[in-house]
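Geometric and topological summary
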Amino acid sequence: MSSSERAVQRLIYVTDLGGTAVFAFEGALIAVAAHLDLFGVLVLACCTAFGGGVIRDVLMGQLPPSALRGWVYPGTALAAGAFAFAFASSVHVPPKLLLTLDAAGLALFAIAGADKALEAGVYPLSATMLGTITAVGGGTLRDVLLAQVPGILRADIYATAALAGSAVLVICRRAGVPVTIAALGGGLTCFALRLLGVWQHWQLPGAS
Amino acid sequence: MSSSERAVQRLIYVTDLGGTAVFAFEGALIAVAAHLDLFGVLVLACCTAFGGGVIRDVLMGQLPPSALRGWVYPGTALAAGAFAFAFASSVHVPPKLLLTLDAAGLALFAIAGADKALEAGVYPLSATMLGTITAVGGGTLRDVLLAQVPGILRADIYATAALAGSAVLVICRRAGVPVTIAALGGGLTCFALRLLGVWQHWQLPGAS
Amino acid sequence: MSSSERAVQRLIYVTDLGGTAVFAFEGALIAVAAHLDLFGVLVLACCTAFGGGVIRDVLMGQLPPSALRGWVYPGTALAAGAFAFAFASSVHVPPKLLLTLDAAGLALFAIAGADKALEAGVYPLSATMLGTITAVGGGTLRDVLLAQVPGILRADIYATAALAGSAVLVICRRAGVPVTIAALGGGLTCFALRLLGVWQHWQLPGAS
């Protein structure tokens, strides 16, 4: 393995881990708001954090999924979930900070997922889909467990931002752009689209 | 590979593709009726079209699932979904035509799924289950995402028709009947049972 | 394969099968109460019985899942489901008996799942999670199909008992305790915790 391949793998690892903590924290907050007990809060923290990556790994046949290899991923998600459970009422997280961190997590998951799929030889269109699934699959699974129609299906530029970021990364990499630049391009596309969408109240069209 | 094996593989491919378009179109119409946005409509089109086949491929360990190999399957489903989104209000599809096409899709998915499972060496009872899952899994996943109890669990001769068609194909093939005749027998069983069931208002019994 | 390894495998097989019948019976009763038809009752029987083990096998990449190998597992679940469907109104099962059998099934699934994961070389923390998923995954899937928030996320010492039993088995086996004693320890921990929890109305804390 060359040093650049090692750098790519380390990038994927670190981005995955940072997004894991943010998503677990958010999932736990939503579970607390839904009056789940401690076990339910930790489950929803893990589902939100791992769901997308696990679905991606299952679909790619890379099993067991990376979330179950070693204790770092589960440990990170459980710690973030427990923190949210313990301090949900006493710590006030500014909504804009959470929104920004979530947009960063979304971008990181999308490009990490799309890149992992490309590296495994998945076709470009499918790799773009898998990047999107990595980014939004966890939140979708969480909403299903709460018996709600997943928010991403109805409103907001959220999944669309993940899709655009994944597509940019896939197109760049297929065009021979170095992976770090492709990842930056895809990640910034997703991050900027998401924040612009919230700021400008963008909505996708519904059918007439 | 002999020419008859190639014919079988081509048959499976074409039936899968035809059913994909019909199911994606139907899923998109239901998503439009549920007031989802464009992204949600395309997701539900893909889930309805691919869901059953993806669950089958995951359970059989044939990963990535056939729906993610190449761009033909995703492209077909996305095109059918986008068409339904764009013309949902201006094109009127006669309910009886949609019902008949859906019954055909159901039959095609059931026999293609059961046959693929048999070819992979799955046991007959499990192959029958996998055929049924291929046929009704997508609609079930769509209903779960819409936070509804899947219709197939409650009413109508729908899943039962898929089960009967799958069983006929499995029994015929285990008895040495040539694959084309077994597929015809299974497909017509499912198709006829479904249409007869709607026409005669057949219901499975509920518990007393 | 040594005779002790064969004994372990046989133990896993028998425990899986006993739990399958109990869980299928319970799932079918809940489906009858939700006014599903015969097909829906059999599907929910199978989902409750197999769901956890299938999710475990998918995550471990051991495909097709053991529930689809041969006819014994599906046959057992279908028979238990059909029995519940036929006699739901005429046979009265004392709630305490059902509760005790369910606690036994929970314990058996948890230790069988955790042990299978350990045997396959999964990390201890993940093996504990997989044991818990094996025990509660089926009921969770059933609740999702009924469009309800899974009970295990909200109340009762149920998943927590499965988690504790799985953890005891994993810790014992990593400490070199023979498998039969580790299984007994884990199983009794889960069984006792569950029954004590019901008796004493224990609840996990919710967030303040």
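Residues numbered from 1 in each chain as written. Chains lettered and ligands numbered in written order. Predicted model: local features only at pLDDT ≥ 70, side-chain atom pairs only at ≥ 80, totals over all residues.

**Some thoughts on the overall build of chain A**
Summing up its helical and strand segments, chain A has seven helices and zero strands in all. Secondary structure elements of chain A, listed N to C terminal, follow the sequence α-α-α-α-α-α-α. In terms of C-alpha radius of gyration, chain A reaches 17 Å, essentially the compact-globule figure of 17 Å for 208 residues. In terms of principal-axis extent, the alpha carbons of chain A reach across some 50 × 50 × 25 Å. Counting only residues that meet the buried cut, chain A has 55% of its 208 residues in that class. By sequence separation, contacts in chain A at least 24 residues apart represent 69% of the contacts at least 6 residues apart. (Helix = DSSP H or I, 4+ residues; strand = E, 2+ residues; numbered from the N terminus. Rg over C-alpha atoms; globule rule 2.2 N^0.38 Å. Buried ≥ 20, exposed ≤ 12 C-beta atoms within 10 Å, placed from the backbone. Contact = placed C-beta atoms within 7 Å.)

**Describing the interface of chain B and chain A**
On the chain A side, the residues contacting the 25 residues of chain B number 25 residues. Elements with a contribution of two residues or more to the side of chain B that touches chain A: α2 (38-60), α3 (72-87) and α5 (124-145) of chain B. Among the elements that make up the side of chain B that touches chain A, the one with the highest residue count is α2(B) (six residues). When the residues that make up the side of chain B that touches chain A are grouped by side-chain class, the tally is 19 nonpolar, four polar and two charged. (Nonpolar A, V, L, I, M, F, W, Y, C, P; charged D, E, K, R; others polar.)

**Concerning the interface of chain C and chain A**
Accessible area lost upon the coming together of the parts is a frequently used measure of interface size. Facing the 25 residues of chain C at the interface are 25 residues of chain A. For the side of chain C that touches chain A, the secondary structure elements donating two or more residues are α2 (38-60), α5 (124-145) and α6 (159-174) of chain C. Examining the composition of the side of chain C that touches chain A, we find that four residues originate from one element, α5(C), more than from any other. Grouping the amino acids of the side of chain C that touches chain A by side-chain chemistry returns 17 nonpolar, seven polar and one charged.

**Here we look at the relation of the copies chain B and chain A**
For the pair chain B and chain A, the relating rotation is 120°, the translation along its axis is 0.0 Å, and the fit reaches an RMSD of 0.0 Å. Taken together, the rotation and translation relating the two chain copies correspond to the operation of a three-fold axis. Closest approach to the rotation axis among the C-alpha atoms of chain B is made by B:A147, whose C-alpha sits 3.2 Å away. Interface residue correspondence from chain B to chain A reaches only 12%, placing this contact among heterologous pairings that use different surfaces. (Least-squares fit on C-alpha atoms with pLDDT ≥ 70 in both.)

**What about the relation of the copies chain C and chain A?**
Once turned by 120° and shifted 0.0 Å along the axis, chain C lies on chain A with an RMSD of 0.0 Å. Little of the interface of chain C is mirrored in chain A, where only 12% of its interface residues again form contacts.

**A word on the packing of α2(B) against α3(B)**
Residues and elements named next belong to chain B. Put simply, α2 and α3 touch, their axes get as near as 9 Å, and they point 130° apart. Comparing the axis directions of α2 and α3 gives the class oblique. Our pair here, α2 against α3, has a crossing hand that is right-handed. Touching L38, V41, L42, A45, C46, A49 and F50 of α2 are Y73, P74, A77, L78, A80, G81, A82, A84 and F85, all from α3. Of the residues belonging to the contact of α2 with α3, the class tally is 15 nonpolar, one polar and no charged. (Axes fitted to C-alpha atoms, helices over the stretch in contact; angles between N-to-C directions. Parallel < 35°, antiparallel > 145°, perpendicular 65-115°, else oblique. Left-handed = near helix turned anticlockwise from the far one by under 90°.)

**A word on the nonpolar core**
Judged by nonpolar contacts, the single largest core of 215 residues is most densely connected at A:A28, A:A45, B:A28, B:A45, C:A24, C:A28 and C:A45. Non-local contacts of A:A28, meaning those with residues more than four positions away in its chain, are made with A:V41, A:L44, A:A45, A:A80, A:G81, A:A84 and A:F85. (Core = buried A, V, L, I, M, F, W, Y, C linked by C-beta atoms within 7 Å.)

**A closer look at unusual backbone geometry**
All names here are of chain B. A cis amide bond links L63 to the next residue, P64, at an omega of -5°. One non-glycine residue, H201, lies in positive phi territory at about 55°. Within the secondary structure, H201 sits in the segment after α7 (179-199).

**Regarding α5(C)**
Working note: α-helix, 3.6 residues per turn, so residues spaced by three or four point in the same direction. Residue and element names in this part refer to chain C. Helix length check: α5 (22 residues) gives 31 Å between terminal C-alpha atoms against 32 Å at 1.5 Å per residue, within 8%. Largest kink in α5: about 50°, centred on V136. Once α5 ends, the next one or two residues include A147, with phi positive near 60°. (Expected span 1.5 Å × (residues − 1). Bend = angle between axes of the 7 residues up to and from the residue.)

**As for the environment of A:G197**
Residues and elements named next belong to chain A. Position of G197 among the secondary structure elements: in helix α7 (residues 179-199). Through-space distance from the C-alpha of G197 to that of D16 is 24 Å; in sequence the pair is 181 residues apart. Beyond its immediate chain neighbours, meaning those up to four positions away, G197 contacts D156, I157, A161 and W202.

**Structural notes on the packing of helix α4 (residues 95-119) of chain A against helix α5 (residues 124-145) of chain A**
All names here are of chain A. Look at α4 against α5: their axes get within 7 Å of each other, and the N-to-C directions meet at 145°. Judged by the twist between their axes, the crossing of α4 over α5 is right-handed. Contacts between α4 and α5 pair L106, F109, A110, I111, A112, G113, A114, A117 and L118 from the former with S126, A127, T128, L130, G131, T132, I133, T134 and A135 from the latter. Grouping the amino acids of the contact of α4 with α5 by side-chain chemistry returns twelve nonpolar, six polar and no charged.

**Describing the confidence of the model for chain A**
Residues and elements named next belong to chain A. Overall, the predicted model of chain A reaches an average pLDDT of 89, with 98% of residues at or above 70. Confidence scores differ between elements of chain A, with helix α1 (residues 3-33) showing the lowest mean pLDDT of 82 and helix α6 (residues 159-174) the highest of 95. Reported confidence for the predicted complex is 0.87 by ipTM and 0.91 by pTM. (pLDDT = per-residue confidence, 0-100.)

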